[in-house]
Amino acid sequence: MSQLTEPVLSLVVQIITKICAIHDNIDQEINRILETTNGAKYNLTIHERLTLRYIGEQKITNATTIASNTGITRGGISKICGRLIKKELITANRMEGNRKEIFYRLTSSGEHIYQAMAQQIRNAEGQCRELIESYSAEEQVLLADFLRKIEEIIP
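Conventions adopted
- Residue indices follow the written sequence of each chain, beginning from 1 at its first position.
- Where local features are concerned, this predicted model is filtered to residues with pLDDT of at least 70; where side-chain atom pairs are given and counted, the filter is 80 or more; whole-chain, interface and lining totals use all residues.
- For side-chain calculations, the full set of non-hydrogen atoms in the structure is used, while hydrogens and water are omitted.
- Numbered from the N terminus, helices here are DSSP runs of H or I no shorter than four residues, and strands are runs of E no shorter than two.
- Throughout, exposure labels follow a simple rule: accessible area from a 1.4 Å probe, protein chains only, divided by the maximum for the residue type, with under 20% read as buried, over 50% as exposed, and the rest as partly exposed.
- Throughout, a contact is declared for two residues whenever any of their heavy atoms are within 4.5 Å.
- All accessibility values rest on the Shrake-Rupley procedure with a 1.4 Å probe; residue burial counts only the protein chains present in the view.
- By nonpolar core we mean a set of buried residues, namely Ala, Val, Leu, Ile, Met, Phe, Trp, Tyr and Cys, connected to one another through side-chain atoms within 4.5 Å.
- Pairing between two strands is assigned when DSSP locates at least 2 bridges connecting them.
- As a rule, the C-alpha atoms of each element are fitted with a line to give its axis, helices using only the stretch in contact, and angles between N-to-C directions run from 0 to 180 degrees.

### Here we look at the overall build of the protein chain
Next, step 1: Assigned secondary structure in the protein chain consists of six helices and three strands.
Next, step 2: When the helices and strands of the protein chain are read in sequence order from the N terminus, they spell out α-α-β-α-α-β-β-α-α.
Next, step 3: Buried residues in the protein chain amount to 28% of all 155 residues.
Next, step 4: Pairs at least 24 residues apart make up 50% of the contacts formed inside the protein chain by residues separated by at least 6 positions.
Next, step 5: By element, 57% of the accessible surface of the protein chain is carried by carbon and sulfur atoms, the whole surface being about 10800 Å².

Take a look at the structure:
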């Protein structure tokens, strides 16, 4: 083990901790937005947030498509969508001529949350892009390889 292993590991743990803090900050921002729009206050799980974000990006979608694009099972998506419907953040509708399949859309409260999340994601992506672009191509390849391997070990 090299002398750099412990400091690098410490940095990885700090980054994961900060990501969890960002998750909490997003919850606080979502709650602030909801309090100002309709007085509601929700704590969204990461899967609810991911599902809400996907529906917001697609505008209208079904459980099968959400599941295949988020990595969450179709049954999991159905449960998540049920909770989001109860929280009045999405609606479930059937389209004319297809009474079997359910499609989901954001409500106005869901749209407010989606826009807040999207703005925070755009801000974080912009900062990350600037940092990544400051590295050479070789360093970026090494960084990408490291991050892929970290992603594989995090459940």
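From this point on, the discussion continues.
### Concerning the nonpolar core
Side chains of nonpolar character tend, in soluble globular proteins, to be buried together.
Next, step 1: Counting 20 residues, the largest nonpolar core has Leu 52 and Ile 90 as the members making the most contacts within it.
Next, step 2: Of all the elements in the fold, those that place two or more residues in this core are helix 2 (46-58), helix 3 (63-70), helix 4 (74-86), strand 3 (98-106) and helix 5 (108-133).
Next, step 3: Discounting residues that sit within four places of it in the chain, Leu 52 has contacts with Leu 44, Leu 84, Leu 89, Ile 90, Leu 106, Gly 110, Ile 113, Tyr 114 and Met 117.

### A short note on the sheet that holds strand 1 (residues 61-62)
Next, step 1: Across the sheet, which stays open at both edges, the three strands sit in the order 1-3-2 with antiparallel pairing between neighbours. Of all strands in the sheet, those bounded by a partner on one side alone are strand 1 and strand 2 (90-95).
Next, step 2: Here strand 1 runs beside strand 3; their pairing, made up of two bridges, is antiparallel. Paired with Thr 61 across the two strands is Tyr 104, which belongs to strand 3.
Next, step 3: Sitting on the sheet, helix 4 is in contact with strand 2 and strand 3, with an inclination near 115° to strand 2.

### A closer look at the pairing of strand 2
Next, step 1: By the bridge criterion, six bridges tie strand 2 to strand 3 in an arrangement that is antiparallel. Of the residues in strand 3, the one forming a bridge with Met 95 is Asn 98.
Next, step 2: Following strand 2, the chain reverses through two residues before pairing antiparallel with strand 3; Gly 97 in that reversal takes a positive phi of roughly 85°.

### Structural notes on unusual backbone geometry
Next, step 1: A positive phi angle, close to 75°, is found at Lys 59, a residue other than glycine.
Next, step 2: Relative to the helices and strands, Lys 59 is located in the loop between helix 2 and strand 1.
Next, step 3: Judged by its relative accessible area of 49%, Lys 59 falls in the partly exposed class.
Next, step 4: The phi dihedral of Glu 88 is positive, around 60°, even though this residue is not glycine.
Next, step 5: Its location among the elements puts Glu 88 in the loop between helix 4 and strand 2.

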